Amino acid sequence: MSKRLINFPILIFLFSGLGLSSQTVITNRVQPAVGDSLYFSIDSAVSGISYGNPGPNQDWDFRNLGMTGRRSEVYRPASVGNLAQQFPTADAVLIQGITEQYFKFYQDRIELLGTATLGGGPLPGIGGANVFPNPVVIQKFPESYLDELMYVTSNTVTLPSSILPDSILNTLPLRPDSFRIIFSQRFHKIADAWGELKLPVKNWNVLREKRTTTSQTNVEAKVAILGWIDVTALASSVFGNLFGNINTTTYAFISNETKGIVAQVNVDTLGNILGISYKPDDKTNTATNNRLQDLKISFYPNPVQNIIHIASETRFTDLEEYKIFDMAGRLISSSKLSVETATIDVATLFDGLYILRLYGANGKELGSEVFLKGKGL
């Protein structure tokens, strides 16, 4: 029986006719930067939507999504964080509710340096900074189909036994001196699919990440002579489902055309959709911030109360105008820059975050930076 040679040009032509497209690769052009404000619509009343199966060249149709809420992510200068002093090398902070996350940006990765909480929650006394002994890599560049990433974080909070009423302490076989609560998370993601995602406003070429998080809470009690012993089972019987393991799964659709997620599907343990957050517009955002410090231009103080002072290693005559925008991109004020004093009066601004942009000859933007008006957030 004779063997027939495969004609590869014909084979390629046949595959192209099947509607196959090239897979999405995520590069550092979509890495977030200080000053980025990302906005998302939320649909918590999802119907008739399927997040599909893993594999290449997928087609997801989310065009029927509605909106029941909104959320945002604003990457602010690390210095405005309430516990920024605990993260001196951080570039940015993401503040959501009582939680702060501190990040360091590199060309090939994003590192999470730790988190901070401002108190509150179901237990008293919990709050403060959780600086990771070693930063965890939460994103690598480039990222391709079937790439995986895993990391584990942990936080220990020690509390005196006096936080519990005597009615509970007296029921224990041994009275502890103190308790410690150990919160740990194991995060795993795999880029399990790629294809085209259709949203109400725009279609996006995306990579889909299956993200699985296992959160575990253990309680230990310090007892004389015995030292630390695990009492998680006992704590669960007293406080119900407050302690133990919680598993969550989400599907994140990311694109090399824009920063942030394009869509994220939250599902329950059976795979049923709980809600979807998604990009509400067709705007692409991949520009790298032209930061003042990269141009050897600096300003101080930050935060500022009244006057911003500009310092530069270039000639001040190269700086002709400034514009101040709010974090939504609205122009707040603009004026010619005083060559003699190189100062900007911001005394009349309301407290909050703003973007300062400096311009040179012919209106060319030289750079931008975020500043905080006021004493803090």
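What counts and how
Residues numbered from 1 in each chain as written. Predicted model: local features only at pLDDT ≥ 70, side-chain atom pairs only at ≥ 80, totals over all residues. Heavy atoms only, no water. Helix = DSSP H or I, 4+ residues; strand = E, 2+ residues; numbered from the N terminus. Buried < 20%, exposed > 50% of the residue type's maximum accessible area, 1.4 Å probe, protein only. Contact = heavy atoms within 4.5 Å. Pairing = 2+ DSSP bridges. Axes fitted to C-alpha atoms, helices over the stretch in contact; angles between N-to-C directions. Core = buried A, V, L, I, M, F, W, Y, C linked by side-chain atoms within 4.5 Å. pLDDT = per-residue confidence, 0-100. Phe/Tyr/Trp six-rings, centres within 6.5 Å; stacked < 30°, edge-to-face > 60°. Polar contact = N/O pair within 3.5 Å; in protein donor to acceptor, adjacent residues only side chain to side chain. Patch = residues over 30% accessible without salt bridge, like charges linked within 9 Å, V, L, I, M, F, W, Y side chains within 5 Å. Areas by Shrake-Rupley, 256 points an atom, 1.4 Å probe, with all protein chains shown as cover. Salt bridge = Lys/Arg side-chain N within 4 Å of Asp/Glu carboxyl O.

1. Re the overall build of the protein
Point 1. A count of helices and strands for the protein gives three helices and 21 strands.
Point 2. Residue burial in the protein is summarised as follows: out of 377 residues, 41% are buried.
Point 3. Nonlocal contacts in the protein, meaning residues at least 24 apart in sequence, comprise 62% of its contacts between residues at least 6 apart.

2. Points about the sheet that holds strand S20 (residues 352-359)
Point 1. Taken together, four strands build an open sheet; the order of strands is S18-S17-S20-S21 and the sheet is antiparallel. This sheet does not close on itself; its edge strands, each paired only once, are strand S18 (331-336) and strand S21 (365-373). Taken over all neighbouring pairs, the strand axes of this sheet differ in orientation by 20 degrees on average, direction set aside.

3. Quick look at the pairing of strand S14 (residues 273-278)
Point 1. Looking at chain direction, strand S1 (residues 37-43) and S14 are connected through three bridges and run antiparallel. Within S14, the position partnered with serine 41 by the bridge is tyrosine 278.
Point 2. Inspection of the sheet shows strand S13 (residues 261-267) paired to S14 by five bridges, in the antiparallel sense. Opposite glutamine 264, over in S14, you have serine 277 as the bridge partner.

4. Some details on the nonpolar core
Point 1. Counting residues in each nonpolar core, the largest one holds 42 residues, and the members touching the most others are Tyr102, Phe103 and Ile138.
Point 2. The dominant element in this core, judged by the number of residues it contributes, is strand S6 (residues 109-117), at four residues.

5. Topic: the environment of serine 277
Point 1. Within the fold, serine 277 resides in strand S14.
Point 2. Exposure remark for serine 277: the relative accessible area of 7% places this residue in the buried category.
Point 3. Sequence separation of serine 277 and valine 265 is 12 residues, and the distance between their C-alpha atoms is 6.8 Å.
Point 4. Leaving out residues up to four positions away in the same chain, serine 277 has contacts with Phe40, Ser41, Ile42, Arg71, Ile261, Val262, Ala263 and Gln264.

6. Re the confidence of the model for the protein
Point 1. Taken residue by residue, the protein gives an average pLDDT of 83. The fraction at 70 or more is 83%.
Point 2. Note on residues 1-20: pLDDT is under 50 here. Beyond four places in sequence and across chains, it has four contacts.
Point 3. Note on residues 120-124: pLDDT is under 50 here. Beyond four places in sequence and across chains, it has six contacts.

7. Observations concerning the packing of aromatic side chains
Point 1. For the coordinates displayed, the defined rule picks out eight aromatic pairs.
Point 2. Ring geometry for tyrosine 51 against tyrosine 251: centres 4.6 Å apart, planes inclined by 25 degrees, an arrangement best described as stacked. Of the two residues, tyrosine 51 sits in the loop between S1 and strand S2 (55-61) while tyrosine 251 sits in strand S12 (residues 244-254), which places them 200 residues apart along the sequence. We note that tyrosine 51, like tyrosine 251, is buried.
Point 3. Ring centres 5.7 Å apart and planes at 25 degrees place the aromatic pair tyrosine 354 and phenylalanine 371 in the stacked group.

8. Some thoughts on the pairing of strand S17 (residues 321-326)
Point 1. Bridge analysis of S17 against S18 gives five bridges, and the strand direction is antiparallel. Within the sheet, the bridge partner assigned to phenylalanine 325 lies in S18 and is leucine 331.
Point 2. As defined by bridge partners, S17 adjoins S20 across six bridges and the pair is classed as antiparallel. Following the sheet pairing, glutamate 321 is matched in S20 by tyrosine 359.

9. Details of unusual backbone geometry
Point 1. In this model, phenylalanine 141 is joined to proline 142 through a cis peptide bond whose omega is -5 degrees.
Point 2. Positionally, proline 142 belongs in the loop between strand S7 (128-140) and strand S8 (148-160).
Point 3. If you check the backbone angles, asparagine 57 has positive phi at about 55 degrees while not being a glycine.
Point 4. Within the element layout of this structure, asparagine 57 appears in strand S2.

10. Some words on the environment of threonine 27
Point 1. Tracing the backbone through its elements, the reader meets threonine 27 in the loop between helix H1 (8-16) and S1.
Point 2. In sequence terms threonine 27 and glutamate 143 are 116 residues apart; their C-alpha atoms lie 6.7 Å from each other.
Point 3. Ignoring anything within four residues of it in the chain, the contact list for threonine 27 reads Phe141 and Asn256.

11. Examining the side chain of threonine 24
Point 1. Residue position: threonine 24 is located in the loop between H1 and S1.
Point 2. What makes threonine 24 buried here is its relative accessible area of 9%.
Point 3. At 3.4 Å, the side chain of threonine 24 forms a polar contact with the backbone nitrogen of valine 206.
Point 4. Those residues in contact with threonine 24 that sit more than four places away from it in its chain are Glu143, Trp194, Asn205, Val206, Leu207 and Asn256.

12. A word on a nonpolar patch on the surface
Point 1. Taken together, the side chains of Leu174, Ile225, Leu226 and Ile229 define a hydrophobic patch exposed on the protein surface, amounting to about 440 Å² of accessible area.
Point 2. Classification of leucine 226 by relative accessible area gives exposed; the value is 53%.

13. Quick notes on the pattern of salt bridges
Point 1. Going through the model one piece at a time under the given rule, you end up with 16 salt bridges.
Point 2. Where lysine 104 meets aspartate 91, a salt bridge forms, and the shortest distance between an N and an O atom there is 3.6 Å. One end of the pair, lysine 104, is in strand S5 (residues 99-105); the other, aspartate 91, is in the loop between strand S3 (69-77) and strand S4 (92-96), with 13 residues separating them in the sequence.
Point 3. Exposure remark for aspartate 91: the relative accessible area of 23% places this residue in the partly exposed category.
Point 4. Of the charged contacts, one joins lysine 198 and glutamate 196 as a salt bridge, the two residues approaching to 3.3 Å between their closest N and O atoms.

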